[in-house]
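Structural characterization, general
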Amino acid sequence: MTSLVGSVQYGVLAVIAFAAFALAAFALVDALRRPGAAYTAAGKRTKTFWVALLAVAAAIGFVSLPVLGPASMPGLLGILSVVIAAVYVADVRPAVRRFGGRRGPRRDDRHQGPYGPW
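Notes on the structure in this doc start here. (Residues numbered from 1 in each chain as written. Predicted model: local features only at pLDDT ≥ 70, side-chain atom pairs only at ≥ 80, totals over all residues. Heavy atoms only, no water.)

Two measures describe an aromatic ring pair: the distance that separates the ring centres and the angle between the ring planes. Taken as a whole and assessed by the stated rule, the structure comprises three aromatic pairs. Relative to tryptophan 50, the ring of phenylalanine 49 lies with its centre 5.5 Å away and its plane at 85°, an arrangement referred to as edge-to-face. A relative accessible area of 29% places phenylalanine 49 in the partly exposed class. With 5.9 Å between their ring centres and 55° between their planes, tryptophan 50 and tyrosine 88 make a pair best called tilted. Within this pair, whereas tryptophan 50 is found in helix α3 (residues 47-63), its partner tyrosine 88 is found in helix α4 (residues 76-97), the two being separated by 38 residues in sequence. The pair formed by tryptophan 50 and tyrosine 88 is uniform in burial state, with each residue classed as buried. The structure contains a cluster of three or more aromatic residues connected by ring pairs, namely Phe49, Trp50 and Tyr88. Cation over ring: arginine 45 sits above phenylalanine 49, and NZ or CZ is 4.2 Å from the ring centre. (Phe/Tyr/Trp six-rings, centres within 6.5 Å; stacked < 30°, edge-to-face > 60°. Buried < 20%, exposed > 50% of the residue type's maximum accessible area, 1.4 Å probe, protein only. Helix = DSSP H or I, 4+ residues; strand = E, 2+ residues; numbered from the N terminus. Lys NZ or Arg CZ within 6 Å of the ring centre and 35° of its normal.)

What follows is the structure, given as structure tokens:
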């Protein structure tokens, strides 16, 4: 019984660790693809700042993957890397997307008139 519970706990923590790494990797790739001028236009820190921070977060997430067993599971640094990536995805990414990006204007910005959408 104890072995089964331990296996389930390990599996849940492994899924969480992989999701945390995926979030940090997604945020890093997205930050790399955005133009540097969009960060300053949005009133956020520079692109270099966010890319460096997200690179460290992705590296911590990669090291925290459970390939070596439970000893490599994420700790406080793993939680910090998730927080960094979540702040980028929830706050910085939407602001930067408004000022240009890899896909041009957003879908809802195409039909904007002087008094709002049409």
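Here the narrative resumes, following the displayed structure.
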